[in-house]
Amino acid sequence: QVELVESGGGVVQAGGSMRLSCTASGGVSNIEVMGWYRQTPGNQREFVAGLTNGGPIAYPDSVKGRFTISGDVQNTVYLQMNSLKPEDTAVYYCNALIRGQAPIWGRGAQVTVSS
């Protein structure tokens, strides 16, 4: 059973940077994609970044050029967030995809960008 643990998060001023980490454990050899989503109250989770063994998945326009995902999908992935904006404020969730299984989620990390 794969488990995901996020670290990082907190409060940062607009224009600043922050890095999130997500470490996977248990059955990690079956992970095909690891990524990040974010969610604000009353809204659905929004895809932010994803990483496969072949490299990153295309970033959405909302974060393109500012966010970068890196790491190893069978170990730890990182989300480097630069030029943060108040609208980036959200709970950020790590996600892992294994063929034939439901998506796996971490508990989430709060990121607050103050203006």
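Just above, that's the structure.
So, here's what we can say about the structure. Small disclaimer: the values here were computed from a predicted structure and weren't measured.

## Thoughts on the packing of aromatic side chains
Okay, step 1: In total, this model carries 3 aromatic pairs according to the counting rule given.
Okay, step 2: Centre to centre, the rings of Y37 and F47 are 5.5 Å apart; their planes meet at 75°, and the pair counts as edge-to-face. Of the two residues, Y37 is situated in strand β4 (residues 31–39) and F47 in strand β5 (residues 46–52); the sequence distance between them amounts to 10 residues.
Okay, step 3: The class of F47 is partly exposed, set by a relative accessible area of 26%.
Okay, step 4: A centroid spacing of 5.1 Å and a plane angle of 75° characterise the contact between Y37 and W105, whose relative ring orientation is edge-to-face. Within this pair, whereas Y37 is found in strand β4, its partner W105 is found in strand β10 (residues 104–105), the two being separated by 68 residues in sequence.
Okay, step 5: Since its relative accessible area comes to 22%, Y37 is described here as partly exposed.
Okay, step 6: Among the aromatic residues, ring-to-ring pairing joins Y37, F47, Y93 and W105 into one connected group.
Okay, step 7: Above the plane of the ring of Y93 lies R45, whose end atom (NZ or CZ) is 3.6 Å from the centre.

## Description of the nonpolar core
Okay, step 1: Counting residues in each nonpolar core, the largest one holds 30 residues, and the members touching the most others are L4, M34, W36, L79, M81 and Y92.
Okay, step 2: Mapped onto this core, the elements with two or more residues apiece are β3 (18–25), β4, β5, β7 (67–71), β8 (76–81), β9 (90–98) and β11 (109–114).
Okay, step 3: Looking at this core element by element, the count peaks at 5 residues for β9.
Okay, step 4: With residues up to four places along the chain from it excluded, the contact list for L79 reads M18, R19, L20, W36, V48, A49, F67, T68, I69 and Y92.

Procedures and definitions
- Residues numbered from 1 in each chain as written.
- Predicted model: local features only at pLDDT ≥ 70, side-chain atom pairs only at ≥ 80, totals over all residues.
- Heavy atoms only, no water.
- Phe/Tyr/Trp six-rings, centres within 6.5 Å; stacked < 30°, edge-to-face > 60°.
- Helix = DSSP H or I, 4+ residues; strand = E, 2+ residues; numbered from the N terminus.
- Buried < 20%, exposed > 50% of the residue type's maximum accessible area, 1.4 Å probe, protein only.
- Lys NZ or Arg CZ within 6 Å of the ring centre and 35° of its normal.
- Core = buried A, V, L, I, M, F, W, Y, C linked by side-chain atoms within 4.5 Å.
- Contact = heavy atoms within 4.5 Å.

Note that every value here comes from positions in space, so none of it alone points to a role or purpose.
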